[in-house]
Amino acid sequence: LQDGTQVKVRPIRPEDEPDHYQFLSRLTPEDIRFRFFGQVGALPHGQMARLTQIDYDREMALLAKIKVGASGHDTVGVVRTVTDPDNDRAEYAIVVRSDMKGRGLGRWLLEKMIAYCRARGTRMIIGQVLQDNKAMLGLCRKLGFKLKTIIDEGVVEVTFDLQAP
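Think of each chain on its own: its residues are numbered from 1, step by step along the sequence as written. Predicted model: local features are reported for residues with pLDDT of at least 70 only, side-chain atom pairs are reported and counted for 80 or more only, and whole-chain, interface and lining totals are derived from all residues. Derived side-chain values reflect all non-hydrogen atoms in the structure, with water molecules and hydrogen atoms excluded from consideration.

### Considering the overall build of the protein
A count of helices and strands for the protein gives 5 helices and 7 strands. Secondary structure counts use DSSP, requiring at least four H or I residues in a row for a helix and at least two E residues in a row for a strand, with both numbered from the N terminus. Of the regular secondary structure in the protein, the N- to C-terminal order runs β-α-α-α-β-β-β-α-β-α-β-β. Since a compact globule built from 165 residues should have a radius of gyration of about 15 Å, the 16 Å found for the protein is in line with a globular shape. Projected onto its principal axes, the C-alpha positions of the protein cover 45 × 35 × 30 Å. Each residue is placed in one exposure class: buried if its accessible area under a 1.4 Å probe, protein chains only, is under 20% of its type's maximum, exposed if it is over 50%, and partly exposed if it falls in between. Residues counted as buried form 45% of the 165 residues belonging to the protein. Long-range pairs, those at least 24 residues apart, make up 64% of the contacts in the protein between residues at least 6 apart in sequence. Here the protein has roughly 8,800 Å² of accessible surface; of this, 51% comes from carbon and sulfur atoms. Between the centroid of the 25 positive side chains of the protein and the centroid of its 22 negative side chains there is a distance of 5 Å. Radius of gyration here uses only the C-alpha atoms, and the compact-globule reference equals 2.2 Å multiplied by the residue count raised to the power 0.38. Whether two residues are in contact is decided by their heavy atoms: any pair within 4.5 Å suffices. Calculation of accessible area relied on Shrake-Rupley with a 1.4 Å probe; when residues are assessed, cover is drawn exclusively from the protein chains displayed. In this count, Lys and Arg are taken as positive residues and Asp and Glu as negative ones, while His and the chain termini are left out. Note that the charge is assigned to NZ on lysines, CZ on arginines, CG on aspartates and CD on glutamates.

### What about the packing of aromatic side chains?
Here is the rule: rings of Phe, Tyr and Trp (six-membered ring for Trp) pair when centre to centre is within 6.5 Å. Planes less than 30 degrees apart are stacked, more than 60 are edge-to-face, and the remainder are tilted. Under the defined criterion, the tally for this structure stands at 2 aromatic pairs. Among the aromatic residues, those joined into a ring-pair cluster are Tyr92, Phe145 and Phe160.

### Description of the pairing of strand 4 (residues 89–96)
Taking burial as the measure, the 8 residues of strand 4 include 6 buried ones, the bulk of the element. A pair of strands is treated as paired once DSSP finds two or more bridges between them. Where strand 3 (residues 72–83) lies against strand 4, 7 bridges are found, and the strand directions are antiparallel. By the bridge assignment, Gly77 is partnered in strand 4 with Val96. Hairpin connection, strand 3 to strand 4: the antiparallel pair is bridged by 5 residues, and Asn87 has positive phi, about 60°. Where strand 4 and strand 5 (residues 124–130) come together, 3 bridges link them in parallel fashion. By the bridge assignment, Arg89 is partnered in strand 5 with Met124.

### Focus: the pattern of salt bridges
Salt bridge, as used here: a side-chain nitrogen of Lys or Arg that lies within 4 Å of a carboxyl oxygen of Asp or Glu. Using the criterion set out here, one finds 13 salt bridges in the structure. With a closest N to O distance of 3.6 Å, Lys65 and Asp19 form a salt bridge. Here Lys65 is found in strand 2 (residues 59–68), whereas its partner Asp19 is found in helix 1 (residues 17–25), with 46 residues between them in sequence. For Glu111, the salt bridge identified is with Arg107, shortest N-O distance 2.9 Å. You can see Glu111 and its partner Arg107 sitting in helix 4 (residues 105–119), 4 residues apart, about one turn around the helix. Look at the salt bridges and you will find they share partners, linking Arg26, Asp74, Arg97 and Asp99 into a network.

### A short note on the packing of helix 4 against helix 5 (residues 134–143)
Throughout, an axis means a line fitted to C-alpha atoms (over the contacting stretch in the case of helices), and angles, computed between N-to-C directions, take values from 0 to 180 degrees. Following both chains from N to C, one finds helix 4 and helix 5 inclined at 50°, their axes separated by 11 Å at the closest point. In this view, helix 4 runs oblique relative to helix 5, as classed from their interaxial angle. Classified by chirality, the crossing of helix 5 by helix 4 is right-handed. The segment helix 4 lies against helix 5, with Gly106, Arg107, Leu110, Glu111 and Ile114 engaging Leu139, Lys142 and Leu143. The classification used treats Ala, Val, Leu, Ile, Met, Phe, Trp, Tyr, Cys and Pro as nonpolar, Asp, Glu, Lys and Arg as charged, and all other residues, Gly among them, as polar. The class makeup of the residues in the contact of helix 4 with helix 5 is 4 nonpolar, 1 polar and 3 charged. Note on terminology: angles under 35 degrees are roughly parallel, angles over 145 are roughly antiparallel, angles of 65 to 115 are roughly perpendicular, and the others are oblique. With the far helix as reference, a near helix turned anticlockwise by less than a right angle produces a left-handed crossing, and one turned clockwise produces a right-handed crossing.

### Examining the sheet that holds strand 5
Backbone hydrogen bonds are what pair the strands of a sheet, in a parallel or an antiparallel way. Strand order in the open sheet made by the 7 strands is 1-2-3-4-5-7-6, with mixed pairing throughout. Each edge of the open sheet is held by one strand with a lone partner, namely strand 1 (8–11) and strand 6 (146–150). Looking at each pair of strands side by side, their axes are set apart by 25° on average, direction ignored. Contacting strand 4, strand 5, strand 6 and strand 7 (155–161), helix 5 runs over the sheet at an angle of about 25° to strand 7.

### Side note on the pairing of strand 3
Most of strand 3 is tucked away: 9 of the 12 residues are buried. Bridge analysis of strand 2 against strand 3 gives 10 bridges, and the strand direction is antiparallel. Residue pairing in the sheet places Leu62 in a bridge with Val79 of strand 3. Connecting the antiparallel pair strand 2 and strand 3 is a turn made up of 3 residues, with Gly69 showing a positive phi of about 70°.

Shape descriptors only; they carry no functional weight alone.
The following block contains the structure:
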């Protein structure tokens, strides 16, 4: 990262469920609201399993991990997409652990997911961002996403054409 922190990125696996609980517990209430569009308490096993046991044909979730101690790793970010059956559109979501913001991790993860989707021939990445999530909207602008405000819902729809040069 920009500050020299070494980060390992890999696809999520079912055995990541316990670490994912810890990761989510280290998010601020605002970061939880930005990611889930509301306050979310502890997720039950079924919902957490849904986040960690994915259908790799239509979904991808990339974890960012940093080394902690002699043999441990902490999850510090995750970006995921769910692609429609025609591989036309992939909806993305991203969250970076609150204490890791401002180091370029979000941009790096989103760029990794853009490259992954482009390589598998997906046409477009879409997402919805709360209007007050200025950091994410700024990142989307920098990466070339098109933004469209949906006033009634308080969100901004962001789209990225993967086929554009």
